[in-house]
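Per-entry structural report
Read off the chains here:
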Amino acid sequence: MLFSYLSHRRACRDKQQERAERIASLKPIYHEPLTSQDKEILSRSVSSLVASVQTSSLKALQAHAQTNCLTEVMIASAENWAKTANRSGPLAGVPVSLKDLVSVKGWDSSMGYSALVGKPMAADGALVRLLRDAGAVPYVKTNSTNDVFGSTDNPHKKGYTSGGSSAGEAVLLALGAARLAIGTDVAGSVRAPAHFSGVYSIKSSMYRFLKQGSASSMPGQEGVPATHSPMTRTLEDLETFWRAVFQMKPWNYDYSVLRIPWRDVKLPEDHPIRWGVLWDDGVVKPSPACARALKTVTAILEKNGHEVVTLKCPSPYEGLQIASQLLLADGGKTASKNHRVFESNDAGMTSAFRGFRLPYFVMKLYAWYYRYIRRDPIYAGLIDTHYEKTMPEFYALIARREGLSFSLVEGRQGDEGVDFILTVPNSLPAVPHGGMRHGWKACGYTFLFNLLDYSAGVMPITHVDATADALPRTFRPRNAIERNYYRMYDASAMEGLPVGVQIVGRRLEEERVLEGMKLIERLMREAGTGYVGLPL
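For every chain, the first residue of the written sequence is number 1, and numbering continues from 1 onward in sequence order. Local features in a predicted model are, by the rule used here, given only for residues with pLDDT of at least 70; side-chain atom pairs are given and counted only at 80 or more, and totals for whole chains, interfaces and linings are based on all residues. Excluded from the side-chain calculations are hydrogens and water; all other atoms, namely the structure's heavy atoms, are used.

Turning our eyes to something else, we now look at the overall build of the protein chain. Assigned secondary structure in the protein chain consists of 17 helices and 13 strands. Computation of the radius of gyration draws on C-alpha atoms, with the globule rule given as 2.2 Å multiplied by the number of residues to the power 0.38. Expected size for 536 residues packed as a compact globule is a radius of gyration near 24 Å; at 22 Å, the protein chain falls within 12% of this value. With the C-alpha coordinates aligned to their principal axes, the bounding extent of the protein chain is approximately 65 × 65 × 50 Å. Three labels apply to residues, based on accessible area from a 1.4 Å probe with only protein chains included: buried if under 20% of the type maximum, exposed if over 50%, partly exposed otherwise in between. In the protein chain, which comprises 536 residues, the proportion classed as buried is 60%. Between two residues, a contact is recorded if the distance between any of their heavy atoms is within 4.5 Å. Pairs at least 24 apart in sequence give 82% of the contacts found in the protein chain among residues at least 6 apart. Using the Shrake-Rupley algorithm and a 1.4 Å probe, accessible areas are obtained, with residue cover drawn only from the displayed protein chains. When the accessible area of the protein chain is evaluated, it comes to approximately 21,200 Å², of which 53% is carbon and sulfur surface. Between the centroid of the 63 positive side chains of the protein chain and the centroid of its 53 negative side chains there is a distance of 4 Å. The secondary structure listing takes helices from DSSP runs of H or I that are at least 4 residues long and strands from runs of E that are at least 2 residues long, numbered from the N terminus. By the counting rule applied here, Lys and Arg register as positive and Asp and Glu as negative, while His and the ends of each chain are not counted. By convention, charge coordinates are those of NZ in Lys, CZ in Arg, CG in Asp, or CD in Glu.

Residue types Ala, Val, Leu, Ile, Met, Phe, Trp, Tyr and Cys, when buried and joined through side-chain atoms within 4.5 Å, form a set referred to as a nonpolar core. Counting 127 residues, the largest nonpolar core has L91, W275, L422, F447, I503, M517 and I520 as the members making the most contacts within it. Not counting the four nearest positions on each side in its chain, I520 is found in contact with W275, V297, L301, L422, M459, I461 and I503. Counting residues in hydrophobic clusters, the runner-up holds 33 residues, among them L34, A170, L172 and A194.

Take the side chain of S205 next. Mapped onto the elements, S205 comes out in the loop between strand 7 (200–203) and strand 8 (227–232). One polar contact links the side chain of S205 to the main-chain carbonyl oxygen of D453, over a distance of 2.9 Å. Under this definition, polar contacts are N or O atom pairs within 3.5 Å; protein pairs additionally need one hydrogen-donor-capable and one acceptor-capable atom, and for neighbouring residues in sequence, both atoms have to be side-chain atoms. A polar contact of 3.3 Å, which involves the side chain of S205, links it to the side chain of S455. Residues contacting S205, with those up to four places away along its chain left out, are T227, D453, Y454, S455, R507, L508 and E510.

Moving on, we get to the sheet that holds strand 10 (residues 307–310). A sheet is described by the order of its strands in space; here 11 strands give the open sequence 1-3-2-6-8-7-12-13-11-9-10, paired in mixed fashion. Taken across any chain shown, the strands that pair with only one partner, and hence form the sheet edges, are strand 1 (70–73) and strand 10. Between one strand and the next, the sheet's axes are offset by a mean angle of 30 degrees, whatever the strand orientation. For strand 11 (residues 420–423) and strand 13 (residues 498–504), the ladder comprises three bridges, and the chain directions are antiparallel. Along strand 13, the bridge assignment pairs I421 with V504. Inter-axis angles, ranging from 0 to 180 degrees, are taken between N-to-C directions of lines fitted to C-alpha atoms, where helices are fitted over the stretch in contact. Along the sheet face, helix 4 (residues 75–83) touches strand 1 and strand 3 (137–142) and points at about 160 degrees away from the line of strand 3. For two strands to be treated as a pair, DSSP must find at least two bridges joining them.

Below, the discussion takes up helix 12 (residues 360–373). Multiply 1.5 Å by the residue count of a helix minus one, and that product is the helix's expected span. Along its 14 residues, helix 12 runs 19 Å from first to last C-alpha, staying within 8% of the 20 Å computed at 1.5 Å per residue. Every buried residue of helix 12 is listed here: M363, A367 and Y370. Taken end-on, helix 12 shows its buried residues confined to a sector of 65 degrees, consistent with a single buried face. Exposed residues lying more than 90 degrees from the buried face of helix 12 are F361 and L365. For helix 12, the secondary structure elements touched by its buried residues are helix 11 (347–357), helix 13 (377–383) and helix 16 (480–486). Looking one or two residues beyond helix 12, the residue adopting positive phi is R375, at roughly 55 degrees. Our arc is simply the arc of the directions from the helix axis toward the C-beta atoms.

Another point: the pattern of salt bridges. Where charged atoms from two side chains of opposite charge approach closely, those side chains can pair. Between Lys or Arg on one side and Asp or Glu on the other, a salt bridge is scored when a side-chain nitrogen of the former is within 4 Å of a carboxyl oxygen of the latter. Under the defined criterion, the tally for this structure stands at 31 salt bridges. With a closest N to O distance of 3.6 Å, R512 and D419 form a salt bridge. Of the two residues, R512 sits in helix 17 (residues 510–526) while D419 sits in the loop between helix 14 (391–413) and strand 11, which places them 93 residues apart along the sequence. Note on accessibility: R512 and D419 belong to one class, buried. A single salt-bridge network, built from bridges that share partners, covers K15, E18, R22, E72 and D108.

A separate point is the environment of F406. With respect to the helices and strands, the residue F406 is situated in helix 14. Taking the C-alpha atoms as reference, F406 lies 9.9 Å from P314; in sequence the two are 92 residues apart.

All right, on to the side chain of S109 then. Following the sequence through the fold, S109 ends up in the loop between strand 2 (95–99) and helix 5 (126–133). Of the polar contacts made by the side chain of S109, one reaches the backbone oxygen of D100; its length is 3.1 Å. Of the polar contacts made by the side chain of S109, one reaches the backbone oxygen of V102; its length is 3.4 Å. The contact partners of S109, leaving out residues within four places of it in the chain, are D100, L101, V102, S103, L116, M121, K141 and A215.

Quick look at the structure:
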């Protein structure tokens, strides 16, 4: 046990020293302030961007100094890669940031596990091979929160998180250090960071986007589809990125990608678009700031002739119950196999693992206490099912997942059917560090659509306002999850943090979701209420 802990500390120290040395060894140009020409290059859209790895790298280093967002600093190698990049590709010369687990030959994909430090990947993953052939240049990989690299700060406010495991990607985008980034999402890990940092993303459905060859903390887990998905600073860039990837025919790089070309979709103009709003998942009510963002969008849609209705769907809470059990059906054994003694983990996962280590009867007593003494069936229902599943239990959960999906599809296609679902990405704006310990218990607004494998996008709408978004004194939490989550909500302390909304389509409808996002952004700009991000 002691040897394992000492090995963990040594690996963390060595990896952080390696990162610092790589940054220090870069050319002097990378340690100078941005020039006006650099800022002009960073302000361009991807479709008109001239290759400038040096400028993006310089900004990335500045972003890292501010937020601690980088893991692998590949800048020196990227300069050489840029020299041989495909100049006629759809992403010619464009720097791309990658979440740490995306495999790049010769570089670690440790995912923050000290046991995986110093074990470089033997080959590029399918996504990196496609990006290189498209002319793009991978130049950095990014961090969230772990012992190996430390915690990543929110770009808008120090001391606050940037979201889930794709947090570093969102940070680089928000600060203008990247135009294109790749994250992954199994419970909201591209959508929560987009919401917390004020950037754009569309979570793809399973088998629509490349993932083969990447590292994974839970290889083989398909109870809740996990997907790689693009993240960008602007909506225009998001469309450019998606189109560029599909121009390269991704199914030729990753056999699992469905052979569905990018489709030009136009929203109907002969009748109103029907938007179904999920106002409350029954677990954690949206905070005043997040509810205001959602109401801003619904109001502007209604003003422009669109139909907005309250979504009638099966219990989102049931979806949270099913998803949380499927994701860790093995009792967390796979996700913790690279975990060393005393090594910390993502705050949300730490609490989940702690529950699995307790004896089964203890969890049952805990659930009984909340159900009958505290009169809290919501929290009790999550505790009660938090144990390793047998194969028959796993199959039963899959059947429940499919039944829930069928019920929602039926509801969306009947007389009360909707074209899009509109909801919040999370109940709160960005939370203080450590706040994600409530993780899976409070992420129902995103987790549900992973479970159902729906395409879902997030876009920034507004910022927290200390006065308008103050919590009413009459607020009373309905359950323990809501109570613990709302302890972190302070509109005054959170003032200025971004707030987004989530637009959800059906499975494999990424193009349609993009069009829905474009519609909302156009209407908001016409009304003079468009989102303004951080200056470059």
